[in-house]
Number of protein chains: 2
Amino acid sequence: MSLVKTFNFQLIPDPTGLLSVYETGKGVDFEIKRVYCLSRLEANSTRGYHAHKALRQVAVCLSGSCRFVLDDGKVRESVVLDSPGVGLQIESFIWREMHDFSDNCVLMVLASELYSESDYIRSYEDFLKEVGNAS
Amino acid sequence: MSLVKTFNFQLIPDPTGLLSVYETGKGVDFEIKRVYCLSRLEANSTRGYHAHKALRQVAVCLSGSCRFVLDDGKVRESVVLDSPGVGLQIESFIWREMHDFSDNCVLMVLASELYSESDYIRSYEDFLKEVGNAS
């Protein structure tokens with residue numbers, strides 16, 4: 001089974017622009033407790049490099065594009081997000097990295113929980129231990 | 001009292017880019033039931049031209065800039081949004097228009113309720129009647 005699970009959000013285009021809609025029950029299967037956004041991203045920068053124990057997320061590229069790497073400790077997969085109509089589901093215990101931000105990239109992440117530092121796994125070695133795949 | 005109520009969201013800058021955080025209890029005083037975004041906006045286009053009976057919203061310009069016009073039927077005020085760190089509170093029974101979208105504008109709106117067509121007031125004349133200020 002692929003780690004990359006994407007789904008489509010409602011897009012309402014008209015001649016003036018594009019309206020995209022995100023809500024619980026329509027792709028997002030959790031209550032949206034927190035939203036965060038990445039913008040003004042430097043070329044060749046990368047972000048992420050962590051996993052969560054409980055938090056689940058949906059990532060959407062609202063403008064431009066970027067590449068997500070998802071890793072469950074056994075398999076590593078990559079997907080390019082480049083549409084406000086596509087959501088990427090990121091489950092708990094998935095290591096994620098974001099690469100290849102385009103100039104105008106704006107990335108929105110919908111999250112199932114409020115911030116909790118103890119929910120983060122910030123070292124890949126610790127992540128492999130947590131998922132039972134440490135060498 | 002001004003119709004324009006803005007507040008600051010958490011911004012976490014680092015050399016790779018800007019992380020902005022939106023959550024209930026930190027500026028947003030409602031549960032986030034729905035998020036929508038406007039992108040790919042045509043130059044010289046305008047949006048909005050409606051009010052809501054119950055829905056409350058917070059608007060944030062994640063990229064670029066745009067100008068909001070807020071109108072309570074008596075007073076008409078204008079504010080430019082140009083930072084992912086600034087939220088504009090839009091109460092119920094406020095007529096809103098969006099103008100002057102910059103090239104790269106991405107506008108995010110956090111909403112207190114799911115979509116309901118019956119909550120919309122789409123004619124300015126009807127709006128003035130609703131707020132008791134019809135001529």
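Worth saying up front: this structure is predicted, and the values here are computed from it rather than measured.

Colleague: Please clarify how the nonpolar core should be interpreted in this entry.
Modeller: Generally speaking, soluble globular proteins have nonpolar side chains that are buried together. Membership of the largest hydrophobic core comes to 28 residues, with the highest contact counts inside it found for A:Val35, A:Met108, B:Val35 and B:Met108. Taken together, the elements giving at least two residues each to this core come down to β5 (34–39), β7 (57–63) and β12 (106–111) of chain A together with β5 (34–39), β7 (57–63) and β12 (106–111) of chain B.

Colleague: Looking at this model, I keep getting lost on the packing of aromatic side chains. Mind explaining?
Modeller: In this description, a pair of aromatic rings is defined by centroid distance and the angle of the planes. All names here are of chain A. All told, the structure shown has 12 aromatic pairs over all chains when counted by the stated rule. Pairwise contacts between aromatic rings join Phe7, Phe9 and Tyr22 into one cluster. One Lys or Arg, arginine 122, reaches over the ring of tyrosine 120 and ends 4.0 Å from the middle of that ring.

Colleague: Explain the sheet that holds strand β13 (residues 120–121) of chain B here, please?
Modeller: Strand pairing in a sheet relies on backbone hydrogen bonds. The paired strands run either parallel or antiparallel. Residues and elements named next belong to chain B. The antiparallel open sheet is built from five strands, whose spatial order is β9-β8-β11-β6-β13. Only two strands of the sheet have a single partner each, and these edge strands are β9 (76–81) and β13. Pairing of strand β8 (residues 66–71) with β9 involves six bridges; the strand directions are antiparallel. Residue pairing across strands places cysteine 66 opposite leucine 81, the latter belonging to β9.

Colleague: What's the story with the interface of chain B and chain A in this structure? I'm lost.
Modeller: Interface extent is often summarised as the accessible area lost during association of the parts. Taken together, the contact between chain B and chain A spans 36 residues of the former and 36 residues of the latter. Between chain B and chain A, roughly 2800 Å² of surface is buried when both sides are summed, and carbon and sulfur atoms account for 52% of that area. Linking chain B to chain A there are four salt bridges. The partner of B:Arg47 in a salt bridge is A:Asp14, with the nearest N and O atoms 3.3 Å apart. For the interface between chain B and chain A, the tally reads 16 residue pairs in polar contact (both at pLDDT 80 or more). Mapped onto the side of chain B that touches chain A, the elements with two or more residues apiece are β3 (17–24), β5, β7 and β12 of chain B. Residue contributions to the side of chain B that touches chain A peak at eight residues, all from β3(B).

Colleague: Is there a simple way to think about the confidence of the model for chain A in this case?
Modeller: Per-residue pLDDT for chain A has a mean of 95; in total, 99% of the residues score no lower than 70. Among the scores for the predicted complex, ipTM is 0.92 and pTM is 0.94.

Colleague: What is the right way to read unusual backbone geometry from this model?
Modeller: For residues that are not glycine, phi is negative in most cases, and the peptide bond is trans in most cases. Residue and element names in this part refer to chain A. Unlike most non-glycine residues, arginine 40 shows phi in positive territory, near 50°. Mapped onto the elements, arginine 40 comes out in the loop between β5 and β6 (47–52). Positive phi, normally seen in glycine, also occurs at asparagine 44, with a value near 70°. Within the secondary structure, asparagine 44 is located in the loop between β5 and β6. Taking relative accessible area as the criterion, asparagine 44 reaches 79% and is therefore assigned exposed.

Rules behind the numbers
- Residues numbered from 1 in each chain as written.
- Chains lettered and ligands numbered in written order.
- Predicted model: local features only at pLDDT ≥ 70, side-chain atom pairs only at ≥ 80, totals over all residues.
- Heavy atoms only, no water.
- Core = buried A, V, L, I, M, F, W, Y, C linked by side-chain atoms within 4.5 Å.
- Buried < 20%, exposed > 50% of the residue type's maximum accessible area, 1.4 Å probe, protein only.
- Helix = DSSP H or I, 4+ residues; strand = E, 2+ residues; numbered from the N terminus.
- Phe/Tyr/Trp six-rings, centres within 6.5 Å; stacked < 30°, edge-to-face > 60°.
- Lys NZ or Arg CZ within 6 Å of the ring centre and 35° of its normal.
- Pairing = 2+ DSSP bridges.
- Contact = heavy atoms within 4.5 Å.
- Buried area = accessible area lost by both parts, 1.4 Å probe.
- Salt bridge = Lys/Arg side-chain N within 4 Å of Asp/Glu carboxyl O.
- Polar contact = N/O pair within 3.5 Å; in protein donor to acceptor, adjacent residues only side chain to side chain.
- pLDDT = per-residue confidence, 0-100.

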